[in-house]
Amino acid sequence: MKLVERMPRVQVTLMPEEAEDMWHTYNLLQIGDSLMASTIRKVQTESSTGSVGSSRVRTTLCLCVDTIDFDSQACQLRVKGTNIQENQYVKMGAYHTIELELNRKFTLAKKIWDSVVLDRIEQACDPTQKADVAAVVMQEGLANLVLVTPAMTLLRAKVEVTIPRKRRGSCTQHEKALDRFYEAVMQGILRHINFDVVKCILVASPGFVKDQFMSYLFREAVRQDSKILLENRPKFMLVHSSSGHKYSLKGREHEHCSLFMLCLLCDSQAAGEVKALEDFYKMLKHEPDRAFYGLAHVEKASEALAIDILLISDKLFRHQDVATRSRYVRLVDNVRDNGGTVRIFSSLHVSGERKFCSFHIQ
């Protein structure tokens, strides 16, 4: 995200540069905000002879936000509202839907700029916040290629190939289908992973599928003289998963070699959140008197200045009731003011897909 212009406590102009920026924008928007952006409007015109025609024109509108719709798979953001500024194509008070676009700036004005919103803008505009871990979660005939960013777990490709069973005396069809499957996964890796940014690629599967795939991958890399794969071979790491589905990223079957812990080994930017969540589960298990969850208990601990680390989901800050949202913001501010650490988990990140509000007591 690029910060174009800022008027403190009044409005900010931003330009989304990649898909994840739409997620940050979704978390910044609230009903009642003012949004100015470029959009397409269908207008009707009447000629001097009385004939009526229609055309699509690009114009800039300023809406009072009424509805916010985010597609997490396509990373598309649509905002519906009423026009609040004079425009030659759209009447005051008329409804319109703006679909925010990459590399097109928008201006956001709010009545209240709280600390959570300001932190979100800083995070979105930080150039170091990029996807630095990738994962290929696979089983025979199914593979999901995922990018783990600081805010989201993005599914970039899904590969499905029918693998016939081995037949007695002949495995030819089975082996040919596996080769097609492995080739499709390899092409997905080359197409969707930026090796200049990604520090680690986790290849996970049940059984020996991951080992067979890695053998195929680097055998083909040598045959095709693929320098990008050969030079980045140390970045690949084999791990166990329960299946080839995306939800296996949340698996904790083997605590010491889970995908959570491997993110730490990769020194990823998600490491802080991952470690905090693992520490909370361990404390809840071994020292339950020091780990609590639930808003009422957390607020009482905050009043007693007893919170060391607060874990909270960003979904709570998208609450449309102003009083409820302010309650969560006030809790975060109190913990920070009293020297505590606050971890705001993204609900689209693998570490934040569980809804919670919890803390470690000092």
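Keep in mind that this is a model prediction, so the values were computed, not measured.

### Observations regarding the overall build of the protein chain
Then step 1. Helices and strands together make up the secondary structure of the protein chain, namely nine helices and 16 strands.
Then step 2. Going through the 362 residues of the protein chain one by one, you find that 46% of them count as buried.
Then step 3. For the protein chain, the accessible surface area stands at approximately 18,800 Å², while carbon and sulfur atoms represent 49% of it.

### Topic: the sheet that holds strand β11 (residues 200–205)
Then step 1. The sheet built from five strands is open, its strands ordered β10-β9-β8-β11-β12 with mixed pairing. Strands at the two margins of the open sheet, each flanked by one partner only, are β10 (153–160) and β12 (236–240). Across the sheet, the axes of successive neighbouring strands diverge by a mean angle of 20°, strand direction being ignored.
Then step 2. Where strand β8 (residues 133–139) meets β11, five bridges bridge the pair, whose relative direction is parallel. The partner of Val133 across the bridge, within β11, is Cys200.
Then step 3. Contacts from helix α4 (residues 209–224) reach β8, β11 and β12, with the element oriented near 160° to β12.

### Details of the sheet that holds strand β4 (residues 52–71)
In a beta sheet, neighbouring strands pair by backbone hydrogen bonds and run either parallel or antiparallel.
Then step 1. Across the sheet, seven strands lie side by side as β1-β2-β7-β3-β4-β5-β6; this open sheet has antiparallel pairing. Since the sheet does not close on itself, it has two edges, and those belong to β1 (2–7) and β6 (95–99), each with one partner. Along the sheet, successive strands turn relative to each other by an average axial angle of 40°, direction set aside.
Then step 2. As paired strands, strand β5 (residues 76–83) and β6 are joined by five bridges and run antiparallel to one another.

### Side note on the packing of aromatic side chains
Then step 1. Summed over the entire model, instances satisfying the criterion amount to nine aromatic pairs.
Then step 2. A ring pair is formed by Tyr182 and Tyr216, whose centres lie 5.7 Å apart and whose planes are at 45°; its orientation type is tilted. Note that Tyr182 is positioned in helix α3 (residues 172–192) and Tyr216 in helix α4, a separation of 34 residues in sequence.
Then step 3. Cluster of aromatic residues (ring-pair linked, three or more members): Phe181, Tyr182, Phe213 and Tyr216.
Then step 4. In this structure, Lys80 packs its charged tip against the face of Tyr95, placed 5.3 Å from the ring centre.
Then step 5. One residue, Arg233, lies across the ring of Phe218, its end atom 4.3 Å from the ring centre.

### Topic: the packing of helix α1 (residues 19–28) against helix α2 (residues 115–124)
Then step 1. For the pair α1 and α2, the least separation of the axes is 10 Å and the interaxial angle reads 170°. In terms of their interaxial angle, α1 and α2 are classed as roughly antiparallel. Packed against α1, whose contacting residues are Asp21, Trp23, His24, Asn27 and Leu28, the element α2 presents Val117, Arg120, Ile121, Gln123 and Ala124 at the interface.
Then step 2. The class makeup of the residues in the contact of α1 with α2 is five nonpolar, three polar and two charged.

### Quick notes on the confidence of the model for the protein chain
Then step 1. In this model, the protein chain carries a mean pLDDT of 84, and residues with pLDDT of at least 70 account for 87%.
Then step 2. Here helix α6 (residues 259–265) stands out as the least confident element of the protein chain, with mean pLDDT 49; strand β7 (residues 106–109) is the most confident, with 96.
Then step 3. Across residues 251–257 the pLDDT falls below 50, and counting only partners more than four positions away or on other chains, this stretch makes 12 contacts in the model.

What counts and how
Residues numbered from 1 in each chain as written. Predicted model: local features only at pLDDT ≥ 70, side-chain atom pairs only at ≥ 80, totals over all residues. Heavy atoms only, no water. Helix = DSSP H or I, 4+ residues; strand = E, 2+ residues; numbered from the N terminus. Buried < 20%, exposed > 50% of the residue type's maximum accessible area, 1.4 Å probe, protein only. Areas by Shrake-Rupley, 256 points an atom, 1.4 Å probe, with all protein chains shown as cover. Pairing = 2+ DSSP bridges. Axes fitted to C-alpha atoms, helices over the stretch in contact; angles between N-to-C directions. Contact = heavy atoms within 4.5 Å. Phe/Tyr/Trp six-rings, centres within 6.5 Å; stacked < 30°, edge-to-face > 60°. Lys NZ or Arg CZ within 6 Å of the ring centre and 35° of its normal. Parallel < 35°, antiparallel > 145°, perpendicular 65-115°, else oblique. Nonpolar A, V, L, I, M, F, W, Y, C, P; charged D, E, K, R; others polar. pLDDT = per-residue confidence, 0-100.

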